[in-house]
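Summary of structural features
Each chain is listed here by its residues.
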Amino acid sequence: MPNHISVETKNNYSIGRFTAMACPCEILIDTLDKAEALKLTEIAYKEARRIENKFSRYRDDNIIYKINHSHGEPVLVDDETALMMDFAEQCYELSNGKFDITSGILRKAWTFDGSDNIPSSIEVKSILEHIGWKKVKWSRPNITLPAGMEIDLGGIGKEYAVDSTSKLIKQATTSSFLVNFGGDIACPHPRINNQPWVIGVDDPENTGEASAGKVSFYQGGLATSGDARRFLLKDGVRYSHILNPETGYPVKNAPRSVTVIADTCIEAGMLSTFAMLEGENAISFLKEQDVKYWCIP
Amino acid sequence: MNNIKSKLSIATCTLLSGTQVQAADTADNSWDLNSSLLYYSEADDRVSVTKAIAFLTGDLSSEDSISVNLVLDTMSGATPTGAVKSSSSSVTSFTGASGASSSIAGGASVDRVNFSDTRMGVALTWAHELKRTHKISYGGSLSVEKDYQSYGASVNYSIESDNRLNTYTMGFAGTFDQIYRKTDGTPEPLSNVEDNNILSDGERYTYDFILGMSKVFNKKTVGQLNYTMSYSDGYHTDPYKVISQVRLVEDTNSGVFTWTELERYFESRPDSRFRHSIFTSMAHQYGGTGETVQTAYRLYTDDWGITSHTFDLTHRTPLSESSYLEPHFRYSIQSAADFFRPSIIDDGTTPVILPEYASADNRLDETTGITIGLEYGMKLGGGHLKARGEYINWQHAKAEYDETTAMVMQVSYQKLFD
């Protein structure tokens, strides 16, 4: 067995594991055939790494690097990247500008380490000048990013990888399976006997150690947004790591965690992210969306 | 707040299926309006046209879009008829050896005819995306003026390559035109103007076939190549144009010989025309701020004997983030139609045999044209404002009016509403 992945057989399913996109990844497969589980986990591993390599902003050899270092020059992008840009643009519009893939550079001002390190308003303002999807010229297949701006697909990439992987595995097997990359989950068809996969929702107070609840998951996509350990505390105000790209400041009174079930992982991910961006209106927003959700206030 | 799940589902579906579907958000209510006002004026009080254009395009659904093009022209002026200039004639009345006579009403200019007209045009196009890279569009058009009516229909099919770098287009169009004079039908070709032999309205059918290809060579260079074949059948003559029969006549007082008009006939053109044209253009962006140079060349040839070459060059220089200046230069040369002649010569010794086809229209003459223009564009109120001015000069080799000079001024505004 390749040493970057492991496969374990449970009583009525197999589980393949590896690390990608800086998080633990799991493939649960409704089979006891270890060879098949290994084959499918390999597919997942390859696809996760492919997407990570292609869209990570931490690399200097991919399209994101090229766009972020284009100094205002147009960059020709491939079809898959173009689809991501189209999708990011639609998310920007659907969220009324709250979801913005150019807002990543706000992290230069905000470091969410649980401290009271709040940036000055001047610092935030100077960064805001370089934020705003509206300033990006996206004319398929060319993207022109004004100098000083950056795009970051971190808010879409992992969920996209889950759906894309799940699509590939679906082509390779008839068994039911579940793809879980760091809590972003897809399960395109139900299990044998119509049993649910039971998903534990991480307790934001004791992240990684306790479950705040359990979700029975039959089919579709599931994703959770939350601020777990990433926040700042000053004068008793808790600043979540969800930043509003229009103000440059964290969204106030957002829930600690929002879990959404939708048709696909990326849809669930966007809805949970949009809900967080709504701050105190998160729950009323979710109610209007006609989806299953769990909210930890 | 509203429910965005359905719109998000469509967007997600697009992303994951790799199928390009427009976002429902834009499909619902995104309209692009392009309006413009153009003024064209020829020197010497010849033709002047004021053109108002409105072009509206929008999405009906994720696969369908529609565009509406409205044009309103008001035209007026005095256009050369093809007759020799009255000033070159030292007599106002002449009786020829043949016995025919022609008289010219004192003071009236006959080499030019005053006109004024209004044209209204409407064109509708419906484009439908069959699958990700295949698109079909259907168009219909109608144009009406006092002496001309035109009805057209077209279908275009375009295919994009999987990487969307190449686009191939094929199209057919059919047009039916009705041509007549404001007051009556059409004059009998090569009949004497005096006789006033009027026939019924002229009708013409035109069929066009277009093959096109555009290619993105790299992120800064795009090219285009089009071939158009067009066949038209029916009435091609201009019902207002005439041609003079002239003879060198000595003025008995001064002893000076001048070309003098003896007869005047309505012009006559063949009843079919077969045209081919090849158009190629290339745009290239360079430099740090987006300077763009665009070159184009068009080769045109038809079975009337006209061949033309047109070279076009524009250069766009951004002035700031939101404005640019674009000089434009065009040069064209055209050979004359086989049946073009400035007049029908009567040598006074052998009887004149009228040719089958004859026209003195300076647009069919051997012509060299130069256009110099400048366009300024800027972003304004969420849209784009453009203003351009052009100077055009045509030098005609043999026509009675051997030069046409015109100015074009255009202001347009384009805005996307959503």
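Another point: the overall build of chain A. What chain A contains, in helices and strands, is seven helices and 15 strands. Within chain A, the fraction of its 297 residues that count as buried is 55%. Long-range contacts, defined as pairs at least 24 residues apart, comprise 63% of the intrachain contacts of chain A with a sequence gap of at least 6. For chain A, the accessible area works out to roughly 13,200 Å², and carbon and sulfur atoms hold 48% of it.

Along the backbone of chain B there are two helices and 23 strands. For chain B, buried positions account for 40% of its 418 residues.

Our next topic: the side chain of A:Thr165. Residues and elements named next belong to chain A. By secondary structure assignment, the location of Thr 165 is in helix α5 (residues 154–172). In terms of polar contacts, Thr 165 uses its side chain to reach the backbone carbonyl oxygen of Ala 161, at 2.6 Å. Apart from the residues within four sequence positions on either side, Thr 165 is in contact with Ala 44, Glu 47, Ala 48, Val 179 and Phe 181.

What follows deals with the packing of aromatic side chains. Counted under the stated rule, the structure contains 13 aromatic pairs over all chains. Feature note: the residues A:Phe18, A:Tyr45 and A:Phe181 constitute an aromatic cluster, connected by ring pairs. Its guanidinium or amino end placed over the ring of B:Trp304, B:Arg273 lies 3.9 Å from that ring's centre, counting from NZ or CZ. Sitting above the plane of the B:Tyr324 ring, B:Arg316 keeps its charged end 3.7 Å from the centroid.

Residue and element names in this part refer to chain B. Strand order in the open sheet formed by three strands is β15-β14-β20, and the pairing between neighbours is mixed. One side of each edge strand has no neighbouring strand; the edge strands of this open sheet are β15 (257–266) and β20 (344–345). Pairing between strand β14 (residues 242–250) and β20: two bridges, direction parallel. Paired with Gln 245 across the strands is Ile 344, a residue of β20.

With that settled, consider the environment of B:Ala336. Residues and elements named next belong to chain B. Tracing the backbone through its elements, the reader meets Ala 336 in the loop between β19 (323–334) and β20. Counting along the chain gives 27 residues from Ala 336 to Arg 363, while the straight-line C-alpha distance between them is 8.6 Å. Other than its neighbours up to four places away in sequence, Ala 336 contacts Gly 305, Ile 306, Leu 364, Asp 365 and Glu 366.

This next bit is on the pairing of strand β16 (residues 272–286) of chain B. All names here are of chain B. Here strand β13 (residues 221–234) runs beside β16; their pairing, made up of 13 bridges, is antiparallel. Within β16, the position partnered with Gly 223 by the bridge is Met 282. Across 12 bridges, the pairing between β16 and strand β17 (residues 291–302) is antiparallel. In the sheet register, Met 282 faces β17, and the bridge partner there is Thr 295. Counting the residues in the hairpin turn of β16 and β17 gives four residues, including Gly 287, whose phi is positive at 75°.

All right, on to the interface of chain B and chain A then. Opposite the 32 residues of chain B that make contact, chain A presents 35 residues. Across the chain B to chain A interface the summed buried area is about 2,700 Å²; carbon plus sulfur atoms make up 62%. Between B:Lys220 and A:Glu73 there is a salt bridge; the shortest N-O distance is 2.4 Å. Here chain B is connected to chain A by two residue pairs in polar contact (both at pLDDT 80 or more).

So, on to the nonpolar core. Residues and elements named next belong to chain A. Membership of the largest hydrophobic core comes to 74 residues, with the highest contact counts inside it found for Phe 18, Ile 156 and Phe 181. Viewed by domain, this core spans two of them, domain 1 (1–57 + 153–186) and domain 2 (63–152), each represented by three or more residues. With residues near it in sequence (within four places) discarded, Ile 156 still touches Met 84, Phe 87, Ala 88, Phe 99, Ile 101, Ile 266 and Met 270. Core analysis: the next-biggest nonpolar cluster, separate from the first, contains 13 residues, Ile 15, Leu 178, Cys 187 and Leu 222 among them.

Moving on to the packing of helix α3 (residues 79–94) of chain A against helix α6 (residues 265–277) of chain A. All names here are of chain A. With their axes 12 Å apart at the nearest point, α3 and α6 run at an angle of 35° to one another. Judged by the twist between their axes, the crossing of α3 over α6 is right-handed. For the pair α3 and α6, the contacting residues are Phe 87, Cys 91 and Leu 94 in the first and Ile 266, Met 270 and Phe 274 in the second. Its residues assigned to classes, the contact of α3 with α6 comprises six nonpolar, no polar and no charged.

All names here are of chain B. Under the counting rule described, the total for this entry stands at two cavities of 30 Å³ or more. Approximately 70 Å³ is the volume attributed to the largest cavity. Forming the walls of the largest cavity are Pro 80, Thr 81, Gly 82, Ala 83, Lys 241, Pro 342, Ala 360, Asp 361, Asn 362, Glu 400 and Tyr 401. The class makeup of the residues in the lining of the largest cavity is five nonpolar, three polar and three charged.

So, about helix α1 (residues 34–55) of chain A. Residues and elements named next belong to chain A. With 22 residues, α1 extends 31 Å between its outermost C-alpha atoms, agreeing within 8% with the 32 Å of an ideal straight helix rising 1.5 Å per residue. If you check which residues of α1 are buried, you get Glu 36, Ala 37, Leu 40, Thr 41, Ala 44, Tyr 45, Glu 47, Ala 48, Ile 51, Lys 54 and Phe 55. The N-terminus of α1 is capped by Asp 33, whose side-chain oxygen sits 3.0 Å from the backbone nitrogen of Ala 35.

Let us look at the sheet that holds strand β4 (residues 74–76) of chain A. Strand pairing in a sheet relies on backbone hydrogen bonds, with the paired strands running either antiparallel or parallel. Residue and element names in this part refer to chain A. Within the open sheet, the three strands sit side by side as β4-β6-β5. Their pairing is antiparallel. Each having just a single partner strand, β4 and β5 (137–139) make up the two edges of the open sheet. Geometrically, the sheet is characterised by an average inter-axis angle of 15° between neighbouring strands, direction not taken into account. Bridge analysis of β4 against strand β6 (residues 142–144) gives three bridges, and the strand direction is antiparallel. When the sheet's bridge partners are listed, Leu 76 is paired in β6 with Asn 142.

This part takes up the side chain of B:Gln178. Mapped onto the fold, B:Gln178 is located in strand β9 (residues 166–179). Once you skip the residues sitting within four places of it in the chain, B:Gln178 turns out to touch B:Asp147, B:Tyr148, B:Gln149, B:Tyr151, B:Gly202 and B:Glu203.

Cut-offs and rules
Along each chain, numbering runs from 1 in the same order as the chain's sequence is written. Both sets of labels track the order of writing: A upward for chains, 1 upward for ligands. At least 70 in pLDDT is required for a residue's local features to be given in this predicted model, at least 80 for side-chain atom pairs to be given and counted, and no such filter applies to totals for whole chains, interfaces and linings, which use all residues. Based on all heavy atoms of the structure, the side-chain values leave hydrogens and waters out of the count. Numbering of helices and strands runs from the N terminus, with a helix taken as a DSSP run of H or I at least four residues long and a strand as a DSSP run of E at least two residues long. Partly exposed residues are those whose accessible area sits between 20% and 50% of the maximum for their type, while under 20% is buried and over 50% is exposed, using a 1.4 Å probe and protein chains only. We call two residues in contact when some of their heavy atoms are within 4.5 Å. For the area figures, the Shrake-Rupley method with a 1.4 Å probe applies, and any residue is considered shielded solely by the protein chains shown. In the analysis that follows, any N or O atom pair within 3.5 Å is treated as a polar contact, provided that within protein one partner can donate a hydrogen and the other can accept it, and provided that, for residues neighboring in sequence, both atoms belong to side chains. Classification of ring pairs uses Phe, Tyr and Trp, with its six-membered ring standing for Trp, and accepts pairs whose centres are within 6.5 Å; under 30 degrees between planes counts as stacked, over 60 as edge-to-face, and the remaining range as tilted. Whether a charge sits over a ring comes down to the Lys NZ or Arg CZ being within 6 Å of the ring centre and within 35 degrees of the ring normal. Here the rule is simple: two strands pair whenever DSSP picks up at least two bridges between them. What gets called buried area is simply the loss in accessible area from a 1.4 Å probe that two parts show on being joined, summed for both. Salt bridge, as used here, is a side-chain nitrogen of Lys or Arg placed within 4 Å of a carboxyl oxygen of Asp or Glu. Nonpolar cores are built from buried Ala, Val, Leu, Ile, Met, Phe, Trp, Tyr and Cys residues. Side-chain atoms within 4.5 Å join them into one set. Note that the domain bounds reflect an automated or database-derived domain assignment. Note on geometry: axes are C-alpha line fits, over the in-contact stretch for helices, and angles between N-to-C directions span 0 to 180 degrees. Less than a right angle of anticlockwise turn of the near helix away from the far helix marks a crossing as left-handed, whereas a clockwise turn marks it as right-handed. Three categories are distinguished: nonpolar for Ala, Val, Leu, Ile, Met, Phe, Trp, Tyr, Cys and Pro, charged for Asp, Glu, Lys and Arg, and polar for the others, with Gly belonging to the last. Cavity: a set of points on a 1 Å grid over the protein atoms alone where a 1.4 Å probe fits but cannot get out. Pocket: an open set with protein on both sides within 12 Å along at least five of seven lines, its lining residues, like those of a cavity, having an atom within 4 Å of a point. Grid points are joined across faces, edges and corners, and a volume is the space filled by probe spheres set on the points. Take the residue count of a helix, subtract one, and multiply by 1.5 Å to get its expected span.

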